[in-house]
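Next come the chains, spelled out residue by residue.
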Amino acid sequence: MPYDLIIANGTVVSPDGTTQADVAIHGERIAAVAPGLAAKANGARVVDATGKYVIPGGLDVHVHLELPFCGTVSSDDWRTGTRAAARGGVTTVIDFAIPYGEQSLDDAYHAWLERAKPKACVDYAFHMAITNWDRHGPEMPAMVARGCPTFKEFMIYAVEGWQSDDRAIYNALESCKKLGGMLLVHAESSRVLDELIARHHTPELMKKYGAQLHAMTRPNFIEAEAIQRAVMWAEVTGGRLYIVHMSTGEGADIIKAAQARGVDVLAETCVQYLVMDDSVFARPDGHLFACCPQLKKPKDMERLWKGLDSGEVCVISTDTCTFTKEQKDRWEGDWTKIPMGLPGLETLLPLVYTKGVLGGRMTVEKFVEKCCANPAKIMGLYPQKGVLAAGSDADIVVFDRKTTIKVDHATMEGGADWNPFQGWDLAGFAEHTFSRGKQIVKDYKCIAEDGWGKWLPRSLR
Ligand code: URP
Ligand code: ZN
Ligand code: ZN
């Protein structure tokens, strides 16, 4: 087979090890991974990756682009969000299609597709959010058949019209078991959370504590109790459960114990919970950092890193849900009004690589496992995505082991005028990114074409 492109002499990384090899591409797919392919280039373009890591494009399986939320719309749209992804080495994103009002899952799917299709420059898929069990439950088989086998339920957000109760979670898990689907759950205990928010929502406390009230009203048991309950419904139904954005050490303990007794439950964390703690809320600009769940304590960060190592935390994502300073400033001193969410796609791989691999917390193989291979496997995209192997999509990232770039929102692709990691020196930014064989980042600059990304049908069977 003639090759169109060869990434030559790099260190190719998989969860099982690293090897010196060339990666040859024909069309949109990888044709071969082996040493010495560049010697038979025969006119193919050769990109020299000597001394660099060559990894599968990252997957961020938890993003919210142009999401109507908290009375506004998240400011990374499908253009800026996926360009940020490309520059950060992420070549697949999975967003959450959420039905509003009387909408069906099918309506939500089409609404999300309409927004993504003309703008996305990397491949994408959707988890389907169930916001009304009686309306959406019967639609689950059609969604699985279409290639959307992952569903989402939120235990909070009644004001958004998104909240699911225990009945909905129990029923959805039962259906997932039958259909070969998986239920993703945002686990926070809403009744107690609302009570704690109400108790603290006074002019005196808001004046005294400002954005710190966001953390003060969400003690760890708010997440732990909800994870415990969702795990119980998974245990009795046998449905596969995936806890999104797990932020607490208690959560990791619950997942580990459940997995040990054979419950079909998985948990992701987000990179912000690994690298930042809730002390940021005391800063004068602390309100910018409000996300949901909020950043926790250093001991939680430690426990989540440990969980990545021992396996109960299987994926690192971002929960990208960007808001500009102007949007965040709507809070006017009342933490309950802060649009919750952070930018993240552009810094996911650099943060995990810098703080994880260079920080001595994980190997480069583990980095590829948690950011590429596992998310692809768990979300039904493997081996199309998440691996450098013959037949897989040619989604490839080349990055230098040591070159650092200072995070600066002003030079980034993302749609925010601030960044939580502003001024941090990070290695692991993509020098070159390829999406299905097409170069979308060259010499650290995004050169992607709007609409290049394709919707990906998935299957968990
Ligand atoms: O702060 C966040 N995470 N915003 C997006 C909604 C969610 O709960 O994931
Ligand atoms: Zn959530
Ligand atoms: Zn989210």
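Refer to the structure printed above.
Residues numbered from 1 in each chain as written. Chains lettered and ligands numbered in written order. Predicted model: local features only at pLDDT ≥ 70, side-chain atom pairs only at ≥ 80, totals over all residues. Heavy atoms only, no water.

Novice: Tell me about the site of ligand 1, and name the residues and values.
Specialist: H62, H64, F69, Y157, H186, H245, C291, C292, D319, C321, M340 and G341 make up every residue found near ligand 1. Residue H186 places a side-chain N or O atom 3.1 Å away from an oxygen atom belonging to ligand 1. Within the side chain of D319, one N or O atom sits 2.5 Å away from a nitrogen atom of ligand 1. Coverage of ligand 1 by the protein chains reaches 100% of its 270 Å² of free accessible surface. Partitioned by chemical class, the residues of the shell around ligand 1 number six nonpolar, five polar and one charged. (Near = heavy atom within 4 Å. Polar contact = N/O pair within 3.5 Å; in protein donor to acceptor, adjacent residues only side chain to side chain. Areas by Shrake-Rupley, 256 points an atom, 1.4 Å probe, with all protein chains shown as cover. Nonpolar A, V, L, I, M, F, W, Y, C, P; charged D, E, K, R; others polar.)

Novice: Residues and numbers for the sheet that holds strand β12 (residues 182-186), please.
Specialist: Here eight strands make up an open sheet; going across it, the order is β6-β9-β10-β11-β12-β13-β14-β15 and the pairing parallel. Among the strands making up the open sheet, the edge pair consists of β6 (58-63) and β15 (315-317). Going from strand to strand, the sheet's axes swing by 30° on average, the running direction of each strand aside. Bridge analysis of strand β9 (residues 90-97) against strand β10 (residues 123-129) gives six bridges, and the strand direction is parallel. In the sheet register, T92 faces β10, and the bridge partner there is D123. (Pairing = 2+ DSSP bridges. Helix = DSSP H or I, 4+ residues; strand = E, 2+ residues; numbered from the N terminus. Axes fitted to C-alpha atoms, helices over the stretch in contact; angles between N-to-C directions.)

Novice: Explain the coordination of the zinc ion (ligand 3) to me, using residue names and the numbers behind them.
Specialist: The coordination sphere of the zinc ion (ligand 3), as far as protein atoms go, consists of H62 (NE2), H64 (NE2) and D319 (OD), spread over 2.0 to 2.2 Å. Coordination at the zinc ion (ligand 3) is irregular, judged from the four donor atoms that bind it and the angles of 84 to 141° they form at the metal. Between consecutive donor residues of the zinc ion (ligand 3), the sequence gaps follow H-x1-H-x254-D. Separating the zinc ion (ligand 3) from the zinc ion (ligand 2) is a gap of 3.8 Å. Comparing H62 with H64 shows no difference in burial state: the two are buried. (Donors = N, O, S within 2.8 Å, 3.2 Å for Na, K, Ca; no water. Tetrahedral: all angles 85-135°; square planar, octahedral: opposite > 155°, others 65-115°. Buried < 20%, exposed > 50% of the residue type's maximum accessible area, 1.4 Å probe, protein only.)

Novice: Explain the packing of helix α14 (residues 348-358) against helix α15 (residues 364-378) to me, and be specific about the residues and the numbers.
Specialist: Remark: α14 packs on α15, axes separated minimally by 10 Å, with the N-to-C direction vectors making an angle of 145°. In the packing of α14 onto α15, the handedness of the crossing is right-handed. Along its contact with α14, which presents L349, V352, Y353 and V357, the element α15 presents V364, F367 and C371. Class assignment for the residues of the contact of α14 with α15 results in seven nonpolar, no polar and no charged. (Left-handed = near helix turned anticlockwise from the far one by under 90°. Contact = heavy atoms within 4.5 Å.)

Coordinates in, geometry out; function isn't part of it.
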